[in-house]
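Residue-level listing of the chains:
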Amino acid sequence: MKPGKLPQGLHHLGAVVRMKEPVEILKGLFFCERGFLNANHFVLTRPYKALIDTGYLTCLEQTEKILNSLGVKFSQVRLIVSTHTHSDHIGGNRTIQKASNCRVALHPLGRKFMERKDSRSPWWSYYGHKAEFFSADLTLHDRDMLSLGDHEFMVIHTPGHAADGICLYNPKEKLLISSDALWENDLAAMTPLVEGEDCVIKARQSLESLGRLEVGLVCPGHGPCFKNAPKALVKADRRLKSYLKDPEKMARDQIKRIFIFTLMMLNNPLRQDFVQHLKSVPWFQETVDRYFNGEYEPVKRDILEELKKRGLIAEKQNRLFSTIRP
Ligand SMILES: [Fe+2]
């Protein structure tokens, strides 16, 4: 199947998800927009096959279909670049590595997490995400140059959201692959009890490094590509500043985001299963203890109600589901 002829209406988690067409952002390099549960993919189709980020583990079948639509088989992939080791960015790494024996390049911290089988630092066990360790053999340090086919990218370390987060900048075309460090209208979750309470300061410093680049197009880890980097940087920084003033706001935003991700991950769970899940993973209890005096019930109820009112989640026949594209 040629690009632009992606299978429409793939069924995902019981809902029909319209797949967006891959867009060629540089010669032979395609941007494939996914949703919230799966980070966007970048697929190099020539002169060899390579990927940047591989989605969430349970959606691998769709990832494969998207790659196939670009003429790429898992077994042909020579290199995976992981912008960080969060579950929605590395879900396909192990399977694709098994099929192709490809190398995986990432920030040295991410490599350390994988080598030490540390499942908390990349948030997997903290939030109860599904993910598999993989072998990482190439490290990308801040300011390293990475060749992807005919294209050169500068690696920019952008901690804050994730300690091992990197962005990739192509100076020739002024293109920034911003992963979860910069989105157009939103900010990725802050997880201070894993990343450290200075994660907000680090995230602001990361925005500062991105602000020094001349950027024509930003391709983020979630959402569509956009042009106005300065505007997005200002918005993101404003939100981070508000977190410094009001850490409870940061914690509420974190809980909202993780609730939505969890509903997608659990495939529209029964309310009681969702509640059970919250008890089985460390993050909810730790966050409520730290920021809301251990008031688990009121916090859970209020945030679920707020998300319902805003139309971000819904409840039918005692099942909770997210209305956002997974
Ligand atoms: Fe992330």
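Everything numeric here is computed off the predicted structure, so don't read it as measured data.

Draft legend 1. Looking closely at the sheet that holds strand S14 (residues 217-220). Read across the open sheet, the five strands follow the order S10-S11-S12-S13-S14; overall the sheet is mixed. Two strands close off the open sheet at either side, each with one partner strand: strand S10 (145-148) and S14. Strand after strand, the sheet turns through a mean of 25° between neighbouring axes, direction not considered. Of the strand pairs in this sheet, strand S13 (residues 175-179) and S14 are connected by four bridges, and their pairing is parallel. Counted as the bridge partner of Ser179 is Pro220 from S14.

Draft legend 2. Here's a closer look at the coordination of the iron ion. His84 (NE2), His86 (ND1), His161 (NE2) and Asp180 (OD) make up the full set of protein donors to the iron ion, lying at 2.2 to 2.4 Å. If you look at the iron ion, its four donor atoms make angles of 84 to 174° with each other, and the shape they trace is irregular. Expressed as a motif, the donor residue spacing for the iron ion is H-x1-H-x74-H-x18-D. Of this pair, His86 sits in the loop between strand S7 (77-81) and helix H2 (87-90) while His161 sits in the loop between strand S11 (151-157) and strand S12 (166-170), and the two are 75 residues apart along the sequence. Exposure remark for His161: the relative accessible area of 8% places this residue in the buried category.

Draft legend 3. Quick look at a positive patch on the surface. A cluster of basic residues, Lys231, Lys235, Arg238, Lys241 and Lys245, forms a positive patch on the protein surface. Tracing the sequence through the fold places Lys231 in helix H8 (residues 229-245). Classification of Lys231 as exposed rests on a relative accessible area of 51%.

Draft legend 4. Quick look at empty space enclosed by the protein. One pass over the full model with this rule turns up three cavities of 30 Å³ or more. When residues of the lining of the largest cavity are traced back to their parent elements, those giving at least two are H2 and helix H9 (247-265). A per-element tally of the lining of the largest cavity places H9 first, with three residues. A class-by-class count of the residues in the lining of the largest cavity yields seven nonpolar, five polar and three charged. Inspection of the lining of the largest cavity shows a minimum of three residues originating in each of domain 1 (10-243) and domain 2 (247-322). Put simply, the second largest cavity is a space of about 140 Å³.

Conventions and cut-offs
- Residues numbered from 1 in each chain as written.
- Predicted model: local features only at pLDDT ≥ 70, side-chain atom pairs only at ≥ 80, totals over all residues.
- Heavy atoms only, no water.
- Pairing = 2+ DSSP bridges.
- Helix = DSSP H or I, 4+ residues; strand = E, 2+ residues; numbered from the N terminus.
- Axes fitted to C-alpha atoms, helices over the stretch in contact; angles between N-to-C directions.
- Donors = N, O, S within 2.8 Å, 3.2 Å for Na, K, Ca; no water.
- Tetrahedral: all angles 85-135°; square planar, octahedral: opposite > 155°, others 65-115°.
- Buried < 20%, exposed > 50% of the residue type's maximum accessible area, 1.4 Å probe, protein only.
- Patch = residues over 30% accessible without salt bridge, like charges linked within 9 Å, V, L, I, M, F, W, Y side chains within 5 Å.
- Areas by Shrake-Rupley, 256 points an atom, 1.4 Å probe, with all protein chains shown as cover.
- Salt bridge = Lys/Arg side-chain N within 4 Å of Asp/Glu carboxyl O.
- Lys, Arg positive; Asp, Glu negative; His and termini not counted.
- Charge placed at Lys NZ, Arg CZ, Asp CG, Glu CD.
- 1 Å grid on protein atoms, 1.4 Å probe; cavity = no way out; pocket = protein on both sides within 12 Å on 5 of 7 lines; lining within 4 Å.
- Points joined across faces, edges and corners; volume = space filled by probe spheres on them.
- Nonpolar A, V, L, I, M, F, W, Y, C, P; charged D, E, K, R; others polar.
- Domains from an automatic or database assignment.

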